[in-house]
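# A look at the structure
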Amino acid sequence: MQNPSSIGKSSTGMEANIAAAISYIWIVGLIFFIIEKESKFVRFHAMQSILYGVLWTVLMIVLMIVNVIIGIMVTAGAGAAGEAAGGIASLVVSLISLLIWLLVPLIAFLGLILAAVKAYQGQMFKLPIIGKIAENIVNK
């Protein structure tokens, strides 16, 4: 772990580790990526935050579509099978929806917290897949 005080300040005047950590608030990350000119540390974490937000937004849209399709298929199948199957199908669709709309955002939030803490500690912590992409963008 790098000593956060050895990272220095960003061009905004903030300590770089603090700027990098708060970059994981999506809109702040976008702003820091645009205005930060000197600190590759801050720019990296800002870009990683932007990519992370885009990834989870796309994933949630895909999961919403899948959820609707599953709901339609299960409901249609249950309607054809009878009343008892309809109750079970409704329960299955509700559980799938619960998992999608509670568990997935919780995982996304925990990932943001982990990345922000690592940034605050002065680490160039790379999230899987998007960390390398963020690094490549910043190093251009």
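Note that the structure is predicted; figures quoted are calculated from it, not measured. (Residues numbered from 1 in each chain as written. Predicted model: local features only at pLDDT ≥ 70, side-chain atom pairs only at ≥ 80, totals over all residues. Heavy atoms only, no water.)

## Brief notes about the overall build of the protein
- Looking only at helices and strands, the protein features six helices and zero strands.
- What you see in the protein, going N to C, is helices and strands ordered as α-α-α-α-α-α.
- When the 140 residues of the protein are sorted by exposure, 35% land in the buried category.
- If you sum the accessible surface of the protein, you get close to 8200 Å²; carbon and sulfur atoms cover 76% of it. (Helix = DSSP H or I, 4+ residues; strand = E, 2+ residues; numbered from the N terminus. Buried < 20%, exposed > 50% of the residue type's maximum accessible area, 1.4 Å probe, protein only. Areas by Shrake-Rupley, 256 points an atom, 1.4 Å probe, with all protein chains shown as cover.)

## Comments concerning the pattern of salt bridges
- This model, assessed by the stated rule, comprises three salt bridges.
- Its salt-bridge partner being Lys126, residue Glu135 comes within 2.7 Å of it at the nearest N-O pair.
- On the basis of relative accessibility, which here comes to 36%, the residue Lys126 falls in the partly exposed class.
- Note that Lys132 is salt-bridged to Glu135, the shortest N-O span being 3.4 Å. (Salt bridge = Lys/Arg side-chain N within 4 Å of Asp/Glu carboxyl O.)

## A word on the packing of aromatic side chains
- For the structure shown, the criterion picks out one aromatic pair.
- Geometry around Phe33 places Arg43 over its ring, the cationic atom sitting 4.2 Å from the centre. (Phe/Tyr/Trp six-rings, centres within 6.5 Å; stacked < 30°, edge-to-face > 60°. Lys NZ or Arg CZ within 6 Å of the ring centre and 35° of its normal.)

## What about helix H6 (residues 130-138)?
- Among the residues making up H6, those that are buried are Ile130, Gly131, Ala134, Glu135 and Val138. On an axial view of H6, the arc spanned by its buried residues comes to 140 degrees, and they lie on one face. (Arc of directions from axis to C-beta.)

## A few points about unusual backbone geometry
- Of note, the phi angle at Ile129 is positive, near 65 degrees, even though the residue is not glycine.
- By the secondary structure assignment, Ile129 is in the loop between helix H5 (83-120) and H6.

All we've got here are geometric facts, nothing functional implied.
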